[in-house]
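Below are the chains, spelled out letter by letter.
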Amino acid sequence: MNAALTIPAVVPLLPELVLGLGAMALLMVGVYAGERAVRFIDGASIALLLLAGLIVLALPAGKLVTFGDSFVVDGFARFLKILAILGSAAAIAMSIDYAKHEGPQRFEHSVLVVLSTLGMLMLISAADLIALYLGLELMSLPLYVVAASQRSSLRSTEAGLKYFVLGALSSGMLLYGASLVYGFTGTVNFAGIAQSAAAAGPGLIFGLVFLFAGFCFKVSAVPFHMWTPDVYEGAPTPVTAFFAAAPKVAGMAMFVRVAVAAFPGITAQWREILVFVSIASMLLGAFAAIGQRNFKRLMAYSSIGHMGFALIGLAAGTSDGVQGVLVYMAIYLTMTLGVFAVILSMRRSEGMVESIDQLAGLARTHPTMAFFLAMLLFSMAGVPPLAGFFAKFYVFLAAIHAGLYALAVIGVLASVVGAYYYLAIVKIMYFDEPAEGFAAMPYELKVVLAVCGLFNILFFLYPGPLVGVASAAAHSLF
């Protein structure tokens, strides 16, 4: 054991060690200082996440492997770790003002987000089935707690319970799939599975189906999406913003790495599963959102649809397809965080409002907020030249190059249907009679909205850096 933990072996784990030790220290501060330390712990949690991000960037170049090839840091892992860390840090920043008004302020929220992010980083670097399951559970357990963190709210408690019960079911399916894969290949390591997969026969496909069922739950893809609308609506809004951002990145990383690294020899078989999941998710996301009047529920169906679009790139099974997935997840993260910054700003003297109709006339009462929200919604709809258009362009292009013409056509049609409900919100903001204005937007939310909005508006001027880094990250997998 000591030989495995020499200093070089620990180097790839430095970001995870920093987050783990930092979270424990902040937990102790919270236990002894109580609610007086909430602001300090929030700020320290953001600083801790950003420090972990800097360490990820500072790790030695190339592919780093440790713990008997079960933990890998390559370009793919670095890219997605940075995305997950930024998403989590933004989610904590967006929760600071909410706790002041909705109360009571609890220090545990930020610590749980940090611990969940630690699980995400482990999941993104997992190179065998055991490491993958440990990372997945470490990510999920804090999420169950934060979903039910507003103990005075019946909706929040119900959301936490639904998420926990269905999450336990999905973990069981994933674990059963992993045991079948191990049984038919004789190894849990992705490289070993890849060598045995082609000769393993139909039993392995059975295990793969169960594995993918667990993954679909974590990214809320059809047919394992059923928890998403209720949990998004019931959980406290900053928690919903967190759910919609960072865990989706880690879930998609797990999906991509397992498919590409562990099962490259049976791409034709898992492509069929992904094509079905992708089409079903896009269509459900497009049609089910049309009748929604609650903004958080609408974002839940929107997120299901976006995961369907991202999976188009993975279904292609090529390096270009994975590059498309990475670009899509980066842009999806900014669009989602920006829209949730606006949802968190929908506050009046009587408290938070969530109905889309409350945005009536926002262009006259809060013109800057309305402009940025309109741009983010246009980006989500895939309107050029906004960033969302490029996100869809890269995954559709990969699908066409892989010969998946029907999938690309259905994706374009689903985008057109989905544009309807995004444009309906813009119409309410710009053309309806103004409703009562909202309270002043907190500073943290202004920063998140401005950064995400400007990224989506100006992306077309200089897309090269993001696309280039995503391309290098995708190539590191193949």
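Residues numbered from 1 in each chain as written. Predicted model: local features only at pLDDT ≥ 70, side-chain atom pairs only at ≥ 80, totals over all residues. Heavy atoms only, no water.

## Overview of the confidence of the model for the protein chain
Heads up, the condition is: Note on scores: pLDDT gives the predictor's confidence for each residue, bounded by 0 and 100. Contacts are assigned to residue pairs with any non-hydrogen atoms lying within 4.5 Å of each other.
Confidence in the prediction of the protein chain, expressed as mean pLDDT, is 90, and 98% of residues score 70 or more. Contacts for the low-pLDDT stretch residues 1–6, under 50 throughout, to residues beyond four places or in other chains number three contacts.

## Observations regarding helix α2 (residues 14–33)
Filter applied, for reference: Helix and strand assignments follow DSSP, with helices taken as H or I runs no shorter than four residues and strands as E runs no shorter than two, numbered in order from the N terminus. By this rule the span expected of a helix is its residue count minus one, scaled by 1.5 Å. Throughout this description, buried means an accessible area under 20% of the type-specific maximum (1.4 Å probe, protein chains only), exposed means over 50%, and partly exposed covers the range between.
Between the first and last C-alpha of α2 there are 28 Å, a value that for 20 residues agrees with the 28 Å anticipated at 1.5 Å per step. Where α2 is concerned, the buried positions are Pro15, Glu16, Leu19, Gly20, Gly22, Ala23, Leu26 and Gly30. Considering only its buried residues, α2 is in contact with α3 (38–58), β2 (71–73), α4 (75–102) and α5 (108–125). Just downstream of α2, Gly34 is the residue with a positive phi angle, here 70°.

## A short note on the pattern of salt bridges
Threshold: Salt bridges are defined by distance alone: a side-chain nitrogen of Lys or Arg within 4 Å of a carboxyl oxygen of Asp or Glu.
Tallying each qualifying case throughout the model produces eleven salt bridges. The closest approach of N and O atoms between Glu233 and Arg155, which form a salt bridge, is 3.6 Å. In this pair, Glu233 sits in helix α10 (residues 228–234) while Arg155 sits in helix α7 (residues 154–185), placing the two residues 78 residues apart along the sequence. Judged by its relative accessible area of 38%, Arg155 is partly exposed. Ionic pairing is found between Arg297 and Glu233, a salt bridge with its closest N-O pair at 2.8 Å. Here Arg297, found in helix α14 (residues 295–316), pairs with Glu233, found in helix α10; they are 64 residues apart in sequence, far enough to count as distant. Note on Arg297: relative accessible area 18%, which makes it buried. Overlapping salt bridges bring together Arg155, Glu158, Lys162, Asp230, Glu233, Lys296, Arg297 and Glu354 as one network.

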